[in-house]
Amino acid sequence: MSGSEKLPFCRADIILIILLAVIGIVLSGYIFLSPKGEGETLEIRQNGKTIMTLPLANDTQKTITGPNGGSNTFYIKNGTITMNSADCGDKTCIRTGTISKAGESIVCLPHRLVLTITSGDAGAESTIPDAIVK
């Protein structure tokens, strides 16, 4: 190596890269490993009316039967909600997977059923628009 060649990284660059990597790992751990909100609940709506509200803190399994006879079974486990069976034709609600954050929903259109996680903060979700129409 001759004296005129420049190294691709200097010591300050390496320290900066290491610092940014450590900050990224710490923030990722905080986001993914932080406990669920104490006051989060599952709001169950059918035909636009709230029929049940359940706390996410308690593990449970429920079956909801609609007015047309269709049924959906979901479970709450460790603060997450999963639809595990439905007798609708398209099964989109099952393919939605697991939800765990305030504002997320599982929807079964044939049975007109909506499961939504709501936050314990009274005004937290009121500032988030459902849709923007022009």
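A few points on the structure. What you see is a predicted model, and the numbers here were worked out from it, not measured in a lab. (Residues numbered from 1 in each chain as written. Predicted model: local features only at pLDDT ≥ 70, side-chain atom pairs only at ≥ 80, totals over all residues. Heavy atoms only, no water.)

### With respect to the overall build of the protein
Then, number 1: Within the protein, the regular secondary structure consists of two helices and eight strands.
Then, number 2: Reading the protein from its N terminus to its C terminus gives the helix and strand order α-β-β-β-β-β-α-β-β-β.
Then, number 3: Burial analysis of the protein (134 residues in total) assigns 22% to the buried set.
Then, number 4: Here the contacts in the protein between residues at least 6 apart in sequence split such that 29% fall between residues at least 24 apart. (Helix = DSSP H or I, 4+ residues; strand = E, 2+ residues; numbered from the N terminus. Buried < 20%, exposed > 50% of the residue type's maximum accessible area, 1.4 Å probe, protein only. Contact = heavy atoms within 4.5 Å.)

### As for the side chain of Thr 118
Then, number 1: Tracing the sequence through the fold places Thr 118 in strand β8 (residues 113-118).
Then, number 2: A relative accessible area of 18% places Thr 118 in the buried class.

### So, the nonpolar core
The tendency in soluble globular proteins is for nonpolar side chains to be buried as a group.
Then, number 1: Counting residues in hydrophobic clusters, the biggest one holds 18 residues, and the most contacted among them are Leu 42, Ile 44, Phe 74, Ile 81 and Leu 115.
Then, number 2: Elements represented by at least two residues in this core include exactly β1 (41-46), β4 (71-77), β5 (80-86), β7 (105-108) and β8.
Then, number 3: Discounting residues that sit within four places of it in the chain, Ile 44 has contacts with Lys 49, Thr 50, Ile 51, Met 52, Leu 54, Ile 64, Phe 74, Leu 113, Val 114 and Leu 115. (Core = buried A, V, L, I, M, F, W, Y, C linked by side-chain atoms within 4.5 Å.)

### Quick notes on the sheet that holds strand β3 (residues 60-65)
Then, number 1: The strand order across the open sheet formed by four strands is β3-β4-β5-β6, and the pairing between neighbours is antiparallel. This sheet does not close on itself; its edge strands, each paired only once, are β3 and β6 (98-99).
Then, number 2: In terms of strand pairing, β5 meets β6 through two bridges, oriented antiparallel. Across the sheet, the residue bridging to Ile 81 is Ile 99, located in β6. (Pairing = 2+ DSSP bridges.)

### Overview of the pairing of β5
Then, number 1: When β4 meets β5, the two strands line up antiparallel, connected through six bridges. Residue pairing in the sheet places Asn 72 in a bridge with Ala 86 of β5.
Then, number 2: Counting the residues between successive antiparallel strands, the hairpin from β4 to β5 contains two residues, one of them, Asn 78, with a positive phi of roughly 55 degrees.

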